[in-house]
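One letter stands for each residue in the lines below.
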Amino acid sequence: MEQIPNYGDQRQQDFCVHCGGTTETRDHAPSKILLDKPYPTNLPVLPACPACNEGFSADEEYLACFVECVLHGSTDPVKLSRQKVSRILAESQALRERIERSKKQSQTLGGGKIIVRQPEEDRVRNVILKLARCHAAFELNEPQICDPDHYMVTPLAGLSREQREHFETAPDTGVWPEVSSRAMQRMIIGDQPYSDGWLEVQEGRYRYMAVGAEGVMVRGVLSEYLAFEVVWDT
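Procedures and definitions
- Residues numbered from 1 in each chain as written.
- Predicted model: local features only at pLDDT ≥ 70, side-chain atom pairs only at ≥ 80, totals over all residues.
- Heavy atoms only, no water.
- Helix = DSSP H or I, 4+ residues; strand = E, 2+ residues; numbered from the N terminus.
- Buried < 20%, exposed > 50% of the residue type's maximum accessible area, 1.4 Å probe, protein only.
- Contact = heavy atoms within 4.5 Å.
- Areas by Shrake-Rupley, 256 points an atom, 1.4 Å probe, with all protein chains shown as cover.
- 1 Å grid on protein atoms, 1.4 Å probe; cavity = no way out; pocket = protein on both sides within 12 Å on 5 of 7 lines; lining within 4 Å.
- Points joined across faces, edges and corners; volume = space filled by probe spheres on them.
- Nonpolar A, V, L, I, M, F, W, Y, C, P; charged D, E, K, R; others polar.
- Expected span 1.5 Å × (residues − 1).
- Core = buried A, V, L, I, M, F, W, Y, C linked by side-chain atoms within 4.5 Å.
- Phe/Tyr/Trp six-rings, centres within 6.5 Å; stacked < 30°, edge-to-face > 60°.
- Lys NZ or Arg CZ within 6 Å of the ring centre and 35° of its normal.

*Asks:* Please set out the overall build of the chain residue by residue, giving values where relevant.
*Replies:* When helices and strands are counted, the chain shows seven helices and nine strands. Every one of the 234 residues in the chain was classed for burial, and the buried ones make up 47%. A separation of at least 24 residues holds for 62% of the contacts in the chain among residues at least 6 apart in sequence. Accessible area for the chain stands at about 12000 Å²; split by element, carbon and sulfur atoms hold 49% of it.

Have a look at this one:
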């Protein structure tokens, strides 16, 4: 990723992006557990207090492992393609069993039986909101400490064609981002990777967009499987 400095209002950058507290550490967004080595250069980092920075780790590990197990239909480390996830599940029988217990039998519209995995929603939400808050602050210089007004997370495959088209298309708000924010600079310089609104952190692994217009909207996709959208109205 191209390194673009943030020249926005410094008062928006001098506190923990998650709770408004102190800033002794830096939090990666996306988290490295969601990416593969070699990591992209110039990963976004945001100021965070130690408690928040460390507090997401277990849930981030859970989500990364859960998504990989769903994609491969197995919790067997040998059958997974992401090496770091394979290693984590090989070393943590408890986490592997926890994800294995998430399997549920569901009925199709035609009356058939299928096996699905039901994630632990609180853990998923914790990670998704962490990512959304970081992207809002990093791209738009508009940190969002409060709870969002809208939250959505779903597999991309679960979207209809119209929903998918809507999700993939950046809204044409006609409103420019905050002066000197990274998003504003990308617009001015005609940043090609940002031409369709999406920033690809690592191909096939993570991408996101952040839009500000009378509020803040952040969308993202993990492993080209799990899509999320978080919106703060004001």
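On we go from here.
*Asks:* How would you summarise empty space enclosed by the protein if you had to cite specific residues and measurements?
*Replies:* This model, assessed by the stated rule, comprises three cavities of 30 Å³ or more. The computed volume of the largest cavity comes to approximately 70 Å³. In this structure, the largest cavity is lined by Leu 34, Leu 63, Ala 64, Val 67, Glu 68, Arg 82, Arg 205, Leu 222 and Ser 223. Among the elements that make up the lining of the largest cavity, the one with the highest residue count is helix H2 (residues 57-72) (four residues). Per-class residue counts for the lining of the largest cavity are five nonpolar, one polar and three charged.

*Asks:* With reference to specific residues and values, describe helix H5 (residues 121-140).
*Replies:* For an α-helix, the turn length of 3.6 residues means that residues three or four places apart are oriented alike. Across its 20 residues, H5 extends 27 Å between first and last C-alpha, which sits within 8% of the 28 Å expected from 1.5 Å per residue. Within H5, 16 of the 20 residues are buried, which leaves it mostly tucked inside the rest of the structure. Phi turns positive, to about 55°, at Asn 141, one or two residues after H5.

*Asks:* Hey, could you go over the nonpolar core for me, with residue numbers and the actual values?
*Replies:* A general trend in soluble globular proteins is that nonpolar side chains are found buried together. If you look at the biggest cluster of nonpolar residues, it comprises 43 residues, and the most contacted ones within it are Leu 63, Leu 89, Ile 99, Tyr 206 and Phe 228. For this core, the elements supplying multiple residues, two or more each, are H2, helix H3 (83-91), helix H4 (93-100), H5, strand E6 (199-202), strand E7 (206-212), strand E8 (216-222) and strand E9 (226-232). When neighbours within four sequence positions are excluded, Phe 228 is seen to be in contact with Ile 128, Leu 131, Met 152, Val 153, Phe 167, Tyr 206, Val 218, Arg 219, Gly 220, Val 221 and Leu 222. In this structure, Leu 159, Phe 167, Val 211 and Val 231 belong to the second largest nonpolar core, which totals 10 residues.

*Asks:* Now, about the packing of aromatic side chains: what can you tell me, with residues and values included?
*Replies:* Enumeration according to the criterion identifies three aromatic pairs in this entry. Where Phe 167 meets Trp 198, the ring centres are 5.6 Å apart and the plane angle is 50°; that geometry is what we call tilted. Taken as a pair, Phe 167 in helix H6 (residues 161-168) and Trp 198 in the loop between helix H7 (182-189) and E6 lie far apart in primary sequence, 31 residues in all. Just as Phe 167 is buried, Trp 198 falls in that class too. Its guanidinium or amino end placed over the ring of Tyr 151, Arg 125 lies 4.7 Å from that ring's centre, counting from NZ or CZ. The ring of Trp 198 carries Arg 207 above its face, with NZ or CZ at 4.5 Å from the centroid.

*Asks:* So what's going on with the side chain of Ser 74? Which residues, and what values?
*Replies:* With respect to the helices and strands, Ser 74 occurs in the loop between H2 and H3. Excluding its chain neighbours within four sequence positions, the residues that come into contact with Ser 74 are Cys 69, Lys 79, Leu 80 and Arg 117.

*Asks:* Give me unusual backbone geometry: which residues, what numbers.
*Replies:* Residue Pro 30 follows Ala 29 across a cis peptide bond; omega there is 10°. In the segment running from Lys 37 into Pro 38, the intervening peptide bond is cis, with an omega of -5°. As for its placement among the helices and strands, Pro 38 is situated in the loop between strand E1 (25-28) and strand E2 (45-48). The backbone of Asn 141 shows a phi angle near 55°, a positive value even though the residue is not glycine. Within the secondary structure, Asn 141 sits in the loop between H5 and strand E5 (150-155). A positive phi angle is found at Ser 223, which is not glycine, with a value near 55°. Tracing the backbone shows Ser 223 in the loop between E8 and E9. Taking the relative accessible area as the measure of exposure, Ser 223 reaches 14% and is therefore buried.

In short, geometric facts, not functional conclusions.
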